[in-house]
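Residue-level structural notes
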Amino acid sequence: MQRTLKKLAIAALFCAGTPLLSQANDISIYPAPFNAINPELAGNALPGMNDIDIWTRIRKGFGIPDLDNALVESQTQWYSSRPDYIQRTTARASRYLFHVVQELEKRGMPTELALLPFIESAFNPEALSTAKAAGMWQFIPSTGRDYNLKQNMFTDERRDVLASTDAALTYLQKLYGMFGDWQLALAAYNWGEGSVQRAVNRNLAAGLPIDFNTLSAQMPNETRNYVPKLQAVKNIIASPSTFDIALPKVDNQPYFVTIGKTRNIDVKVAAQLAELSLDEFRALNPQFNRPVIIGGEDTKILLPESNAEKFKTNMTKWTQAFSTWTAHTVSSARERIETIASKFGTTPEVIRSVNQIPPRMVLRAGSTILVPKSEETASLDTDLTPEIADNARLAIAPDVPESRRIFVKAGKRDTLAGIASRYRVSVAQIKEWNGLKRDTLAAGQNLQLNVPNVVHAAAPTRVAAVHHAAPARRQVAAAKAPVRKAAPAPARKVAAGKPITLASGNGARKQ
């Protein structure tokens, strides 16, 4: 008997260890492609040389005609007078610039477009505008879907560094194809292609030029200043010493590699295995809306190259669960958050926080939420799969009583059936609530009714709010350059744990 138990114990240990090794072997690390600098643009310089950094590479690829007007002068003065802001933004950009420049050069696009996130989001991939435009390139939900950026409760690819960059460049290429002018393409990126096309048509009909300077008279202030802002940043990057600005050194080398993940893993665990702080991990992987990354064939995470090797090695040594969350589908409106929390051994506060459920709101039947895994509730768990993520909906409603008590005075022509129909109750209920034996009423008779509360519940949705349910961390809002000569309000610090909100919100991707 003892020998049998010993064999079973050894077998259990072996089986428990196998998934850890197999999960590590399941990881694929894809180094970023390292394209040579175009010899025609960069002379005989080769990428990786000590005297070449990403700023030099960007300068050599400038291809949009310079804009020169009073607004450019005003914006250049504004940006150049804020070296601390330039330093913070360019330091944040250093994680992403190599990838963006690579993608621009692959497509033969001007490299000053790599500076566009400077204007859009201050290179913060978690930026969120007042019009719900999200990510480094500021896509609104509808345009994001037009360019195949997945948005569900668990993932928002508008913030995905790789996916959003690909979508933004594809969109910019389309706009350039429409207008044949990069300045108009940029205006359309902000204002909308239809708006720019109508402005072009008006000028053509009036026999007027259709360049940006001429058309800008028809544009809203934000768009009128949009291209001048990019020109201002381009001027500073082109010659930082002219403005007494020191750019951070950014090597002309990939900052990150791509890891193919095919297993579920908590964000905190992934950061720990990669030996990165949670903030640094999220800076490269801001697309994950929930504390768990759902593995699948299309799931990718980004890590610095040295950390990617640590990640794979540490997975083989990890002895705990990779994911501590599972899915639960709400069966009925009577299944309250407090009941769910008790069933899964957690607190209502945890359920609300991780699923971003506001106070005084309840879940509607059919909602899918995250709950902690536990041994006691293993049989109740639903494995998180890409299919569940794609179809998950979170529907909430105000937490109000199902009914409310009212008092009704019967009129001369009122009947029990008429009052029951009017207040959506039954005759039997009215008789029970008021101790009535007969179906007749006397004029002026007072009745007590318990009528249903009419609740306008939130409709089910595939996409949850884009705020992270992450530990509190300090974030700084992107400073906005002024319209004309007016100085803007200074950059505001955003409350810990909340996404950055940008002031702009009039563009095609932001309406």
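Everything below is about the structure shown above.
Residues numbered from 1 in each chain as written. Predicted model: local features only at pLDDT ≥ 70, side-chain atom pairs only at ≥ 80, totals over all residues. Heavy atoms only, no water.

Some thoughts on the pairing of strand 7 (residues 325-329)
The criterion, for reference: For the exposure calls, accessible area comes from a 1.4 Å probe over protein chains only, and a residue counts as buried if that area is under 20% of its type's maximum, exposed if over 50%, partly exposed in between. For the purposes of this entry, the term helix denotes a DSSP run of H or I that reaches at least four residues, the term strand denotes a run of E that reaches at least two, and both are numbered from the N terminus. We call two strands paired when DSSP finds no fewer than two bridges between them.
Where burial is concerned, most of strand 7 is hidden: four out of the five residues are buried. Two strands pair when backbone bridges link them, and strand 7 and strand 9 (residues 368-372) are joined in this way by five bridges, in the antiparallel orientation. Pairing of His328 across the sheet is with Ile369, part of strand 9.

Overview of the nonpolar core
Short version of the rule: Residue types Ala, Val, Leu, Ile, Met, Phe, Trp, Tyr and Cys, when buried and joined through side-chain atoms within 4.5 Å, form a set referred to as a nonpolar core.
The biggest cluster of nonpolar side chains holds 67 residues, and the ones touching the most others in it are Trp55, Tyr79, Trp137, Leu186 and Tyr189. In terms of nonpolar packing, the next biggest core, distinct from the first, is built from 24 residues, Trp325, Val330, Ile340 and Leu370 among them.

Section: helix 11 (residues 193-206)
Keep this limit in mind: A helix is expected to span 1.5 Å for every residue after the first. Contact criterion: two residues are considered in contact whenever any of their non-hydrogen atoms come within 4.5 Å of each other.
Taking 1.5 Å per residue as the helical rise, helix 11 with its 14 residues ought to reach 20 Å, and the 20 Å between its terminal C-alpha atoms agrees with that figure. Contacts made by the buried residues of helix 11 are with helix 9 (161-179), helix 10 (182-191) and helix 12 (212-215). Trailing helix 11 by a residue or two, Gly207 shows a phi angle of about 70°, which is positive.

Regarding the pattern of salt bridges
Note the cut-off: The salt bridge criterion pairs a side-chain nitrogen of Lys or Arg with a carboxyl oxygen of Asp or Glu, the two atoms within 4 Å.
Counted according to the given criterion, the structure contains 16 salt bridges. Glu338 is the partner of Arg336 in a salt bridge, and the nearest nitrogen-oxygen pair spans 3.6 Å. Given the relative accessible area of 38%, Glu338 is considered partly exposed. Among the charged side chains, a network of salt bridges with common partners joins Asp66, Glu112 and Lys234.

Section: empty space enclosed by the protein
Definition in use: As defined here, a cavity is a set of points on a 1 Å grid over the protein atoms alone where a 1.4 Å probe fits but cannot get out. A pocket is an open set with protein on both sides within 12 Å along at least five of seven lines, and residues line them when an atom is within 4 Å of a point. Grid points are joined across faces, edges and corners, and a volume is the space filled by probe spheres set on the points.
For the coordinates displayed, the defined rule picks out five cavities of 30 Å³ or more. If you add up the space inside the second largest cavity, you get close to 60 Å³. Taken together, Ile64, Pro65, Leu67, Glu112, Gln183, Leu186, Val227, Leu230, Gln231 and Lys234 make up the lining of the second largest cavity. At four residues, the largest contribution of residues to the lining of the second largest cavity is made by helix 13 (residues 221-238).

Focus on the packing of helix 6 (residues 97-107) against helix 9
Applied cut-off: Here, axes are lines fitted to C-alpha atoms. For helices the fit covers the stretch in contact, and angles between N-to-C directions go from 0 to 180 degrees. Left-handed describes a crossing whose near helix is turned anticlockwise from the far helix through less than a right angle; right-handed describes the clockwise counterpart. Residue polarity is assigned by list, with Asp, Glu, Lys and Arg as charged and Ala, Val, Leu, Ile, Met, Phe, Trp, Tyr, Cys and Pro as nonpolar; anything else, Gly included, falls into the polar class.
Where helix 6 meets helix 9, the axes come as close as 11 Å, and the angle between the chain directions of the two elements is 35°. Helix-helix and strand crossings are classified by hand; for helix 6 and helix 9 the assignment is right-handed. Here His99, Val100, Glu103, Leu104 and Arg107 of helix 6 come into contact with helix 9, specifically with Leu162, Thr165, Asp166, Leu169, Thr170 and Gln173. When the residues that make up the contact of helix 6 with helix 9 are grouped by side-chain class, the tally is four nonpolar, four polar and three charged.

Description of helix 5 (residues 83-93)
Where we set the bar: Our arc is simply the arc of the directions from the helix axis toward the C-beta atoms.
Taken together, the buried positions of helix 5 are Tyr85, Ile86, Thr89, Thr90 and Ala93. Buried positions in helix 5, seen along its axis, are confined to an arc of 120° and lie on one side of it. On its buried face, helix 5 is in contact with helix 3 (54-60), helix 4 (70-80), helix 6, helix 7 (116-120) and helix 13.

Observations regarding the environment of Glu157
Counting through the fold element by element, Glu157 comes out in the loop between helix 8 (141-146) and helix 9. Here the alpha-carbon distance between Glu157 and Gly144, two residues 13 residues apart in the chain, equals 8.1 Å. Once residues within four sequence positions are removed from consideration, Glu157 is found in contact with Asn148, Leu149, Lys150, Ala163 and Ser164.

Digging into the packing of aromatic side chains
Counted only if it meets this: When the centres of two rings from Phe, Tyr and Trp lie within 6.5 Å, Trp using its six-membered ring, the rings pair. Their planes under 30 degrees apart give stacked, over 60 give edge-to-face, and anything left gives tilted. Two thresholds decide whether a charge sits over a ring: the Lys NZ or Arg CZ must be within 6 Å of the ring centre and within 35 degrees of the ring normal.
Counted according to the given criterion, the structure contains nine aromatic pairs. On the numbers, 6.3 Å between centres and 20° between planes, the contact of Tyr79 with Tyr85 is stacked. A relative accessible area of 2% places Tyr79 in the buried class. Geometrically, the ring pair formed by Tyr79 and Phe118 is edge-to-face, given 5.9 Å between the ring centres and 75° between the ring planes. One end of the pair, Tyr79, is in helix 4; the other, Phe118, is in helix 7, and 39 residues separate them in sequence. In this structure Phe118 comes out as buried when scored by relative accessible area, which is 3%. Among the aromatic residues, ring-to-ring pairing joins Trp78, Tyr79, Tyr85 and Phe118 into one connected group. Across from the ring centre of Phe62, 5.0 Å away, lies the NZ or CZ of Lys234, which sits over that ring.

What to know about the pairing of strand 9
Counting buried positions over the five residues of strand 9 gives five, a clear majority of the element. A two-sided burial pattern is seen for strand 9, the buried positions comprising Thr368, Leu370 and Pro372 on one face and Ile369 and Val371 on the other.

Quick look at the packing of helix 4 against helix 13
Filter applied, for reference: Under this scheme an angle from 65 to 115 degrees is roughly perpendicular, one under 35 degrees roughly parallel, and one over 145 degrees roughly antiparallel; angles in between are oblique.
Look at helix 4 against helix 13: their axes get within 8 Å of each other, and the N-to-C directions meet at 55°. Comparing their axes, helix 13 and helix 4 come out oblique. The hand of the helix 4/helix 13 crossing is right-handed. When helix 4 is examined against helix 13, the residues Leu71, Val72, Gln75, Thr76, Tyr79 and Ser80 are found in contact with a partner set consisting of Arg224, Asn225, Pro228, Lys229, Gln231, Ala232, Val233, Asn235 and Ile236. Considering only residue class, the contact of helix 4 with helix 13 consists of seven nonpolar, six polar and two charged.

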